[in-house]
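These are the residues of each chain, in order.
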Amino acid sequence: QVQLVESGGDLVQPGGSLRLSCAASGTMFYIYTMGWYRQAPGKQRELVASITSSASTNYANSVQGRFIISRDNAKGTVYLQMNSLKPEDTAVYYCNANRLYGLASQDNYWGQGTQVTVSS
């Protein structure tokens, strides 16, 4: 079982930066692929960035070059550094922990979300 708590969401002006944090409690954080998703009003939840247990990263095209995902296994925390923010980045950002095991089993956990608003 993994519990995820996000923090760092805020109101920021276009062009500004924010760093989101997701603290995980539970066991074996290091084996999970961690991801940041976001959901804007009236839109589906979408993957923003993910990082595997071996620290391989993946980004949505819309944030490539602006956002950086990282993890600190010792602290059980994953971060999302967001730079050059745009109004279209406004959304609730959710942390996700996922692992696949066995033939077709998976564990999948979500945080409660943190609001990011980009507006002047």
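Residues numbered from 1 in each chain as written. Predicted model: local features only at pLDDT ≥ 70, side-chain atom pairs only at ≥ 80, totals over all residues. Heavy atoms only, no water.

Caption draft 1: Layout of the pattern of salt bridges. Taken as a whole and judged by the stated rule, the model has four salt bridges. With a shortest N-O distance of 2.9 Å, arginine 38 and aspartate 89 are connected by a salt bridge. You can see arginine 38 sitting in strand 4 (residues 33-39) and its partner aspartate 89 sitting in the loop between strand 8 (77-82) and strand 9 (91-101), a full 51 residues away along the chain. Owing to a relative accessible area of 6%, arginine 38 belongs among the buried residues under this scheme. Between aspartate 89 and arginine 66 there is a salt bridge, with its nearest N and O atoms 2.8 Å apart. With aspartate 89 in the loop between strand 8 and strand 9 and arginine 66 in the loop between strand 6 (57-59) and strand 7 (67-72), this pair connects stretches of sequence that are 23 residues apart. This pair shows no difference in class: aspartate 89 is buried, exactly as arginine 66 is. Overlapping salt bridges bring together Arg38, Glu46, Arg66 and Asp89 as one network. (Salt bridge = Lys/Arg side-chain N within 4 Å of Asp/Glu carboxyl O. Helix = DSSP H or I, 4+ residues; strand = E, 2+ residues; numbered from the N terminus. Buried < 20%, exposed > 50% of the residue type's maximum accessible area, 1.4 Å probe, protein only.)

Caption draft 2: Up close: the state of the cysteines. Applying the stated criterion across every chain yields a total of one disulfide. Disulfide partner of cysteine 22: cysteine 95, at an S-S distance of 2.1 Å. In this structure, the disulfide formed by cysteine 22 and cysteine 95 twists by about -85 degrees around the S-S bond and is classed as left-handed. Of the two residues, cysteine 22 sits in strand 3 (residues 18-26) while cysteine 95 sits in strand 9, which places them 73 residues apart along the sequence. Each member of the pair, cysteine 22 as well as cysteine 95, is classed as buried. (Disulfide = S-S within 2.5 Å.)

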